[in-house]
Amino acid sequence: MTLESAFFYQAEISTVLTELHKKCFKAAWSNQEFNALFQSPGTVAQILSEKELPIGFCLYRLLFDEAEILTLGILPDFRNRSAGETLLRQGKPELVKKGVERLFLDVSETNLAAIKLYKKTGFQEISRRKNYYREENKRSDALIMQLQL
Ligand SMILES: CC(C)(COP(=O)(O)OP(=O)(O)OC[C@H]1O[C@@H](n2cnc3c(N)ncnc32)[C@H](O)[C@@H]1OP(=O)(O)O)[C@@H](O)C(=O)NCCC(=O)NCCS
């Protein structure tokens, strides 16, 4: 797979993000929600494409020398082929260019594929929020992870 990333700083990309997000998550975010996120300064979207077809995305919020991953996904048909790893590796230089030194995220302790992806790209667990996520009938902890860029 030859994968390429493009970066967007304005809501022009909201429709693409909405389409990708609803194929990746049960609780889809609306186009209005994506538009609203771009109203805040520091919102950056990364779209990962194969032969110009968008297959993955990552939404970051930058604040001075820190950034947070708000959401990230790879389309189901393209998973388990290191596309997630490529997404994060290609995102890094763009963040560094913007002055980001530390990248944070939170992930459910039950999301084993995501945790594996984050660990293999260098994230380390720095904290935990007990019972943070509601998942069907139970609750799960959020792992807070950090990557030093
Ligand atoms: C998490 C996600 C982005 C990973 O994308 P991906 O392209 O499959 O990522 P990669 O192929 O680079 O790496 C995934 C790793 O998880 C492993 N994996 C996949 N499913 C797994 C499972 N159920 N349990 C444990 N490991 C699993 C893969 O084998 C791979 O590890 P490897 O490279 O050592 O073989 C993708 O699964 C996804 O979009 N999930 C739905 C949205 C989501 O959960 N986003 C993250 C929110 S925090």
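Remember, it's a predicted structure, so these values are computed and weren't measured experimentally. Chains are numbered independently. Their residues run from 1 in the order of the written sequence. Local features in a predicted model are, by the rule used here, given only for residues with pLDDT of at least 70; side-chain atom pairs are given and counted only at 80 or more, and totals for whole chains, interfaces and linings are based on all residues. Excluded from the side-chain calculation are hydrogens and water; included are all heavy atoms of the structure.

S.K.: Requested: an account of the sheet that holds strand E2 (residues 43-50), with residues and values cited.
M.R.: Strands are labelled as partners when DSSP assigns at least two bridges between them. Every helix listed is a DSSP run of H or I at least four residues long, and every strand listed is a run of E at least two residues long, numbered separately from the N terminus. Strand order in the open sheet formed by seven strands is E1-E2-E3-E4-E5-E7-E6, with mixed pairing between adjacent strands. Single-partner strands in this sheet number two, and they are strand E1 (3-8) and strand E6 (124-135). Each neighbouring strand pair of the sheet contributes to a mean axis angle of 25°, computed without reference to strand direction. The sheet contact formed by E1 and E2 spans six bridges and is antiparallel. Within the sheet, the bridge partner assigned to Glu-4 lies in E2 and is Ser-49. Contact definition: two residues touch when any of their heavy atoms are within 4.5 Å. Whenever a helix is involved, its axis is fitted only over the stretch in contact; in every case the axis is a line through C-alpha atoms, and angles between N-to-C directions fall within 0 to 180 degrees. Packing against the sheet, helix H4 (residues 112-120) makes contact with strand E4 (66-74), strand E5 (102-108) and strand E7 (138-148), and its axis sits at approximately 160° to E5.

S.K.: Tell me about helix H3 (residues 83-97), and name the residues and values.
M.R.: Helix length check: H3, at 15 residues, gives a terminal C-alpha distance of 22 Å against a target of 21 Å (1.5 Å per residue), a fit within 8%. Accessibility here uses a 1.4 Å probe with only protein chains present; expressed as a share of the type maximum, an area under 20% marks a residue as buried, one over 50% as exposed, and anything in between as partly exposed. For H3, every residue scored as buried is listed here: Ala-83, Gly-84, Glu-85, Leu-87, Leu-88, Gly-91, Glu-94 and Leu-95. Elements in contact with the buried residues of H3: E1, E2, strand E3 (53-63), E4, E5 and H4. A helix's residues, less one, multiplied by 1.5 Å, set its expected span.

S.K.: Help me get a handle on the pairing of E2, residues and values and all.
M.R.: Across the eight residues of E2, eight count as buried, placing the element largely inside the fold. Alternating positions in E2 separate into two faces, Thr-43, Ala-45, Ile-47 and Ser-49 on one and Val-44, Gln-46, Leu-48 and Glu-50 on the other, with burial throughout. As paired strands, E2 and E3 are joined by eight bridges and run antiparallel to one another. Across the sheet, the residue bridging to Leu-48 is Gly-56, located in E3. Once E2 ends, the chain turns through two residues before running back antiparallel as E3, passing Lys-51 with a positive phi of about 45°.

S.K.: Which residues make up the side chain of His-21, and what are the values?
M.R.: Mapping His-21 onto the fold places it in helix H1 (residues 14-24). Apart from the residues lying within four places of it in its own chain, the contact partners of His-21 are Ala-27, Ala-28, Trp-29, Phe-34, Phe-57 and Thr-71.

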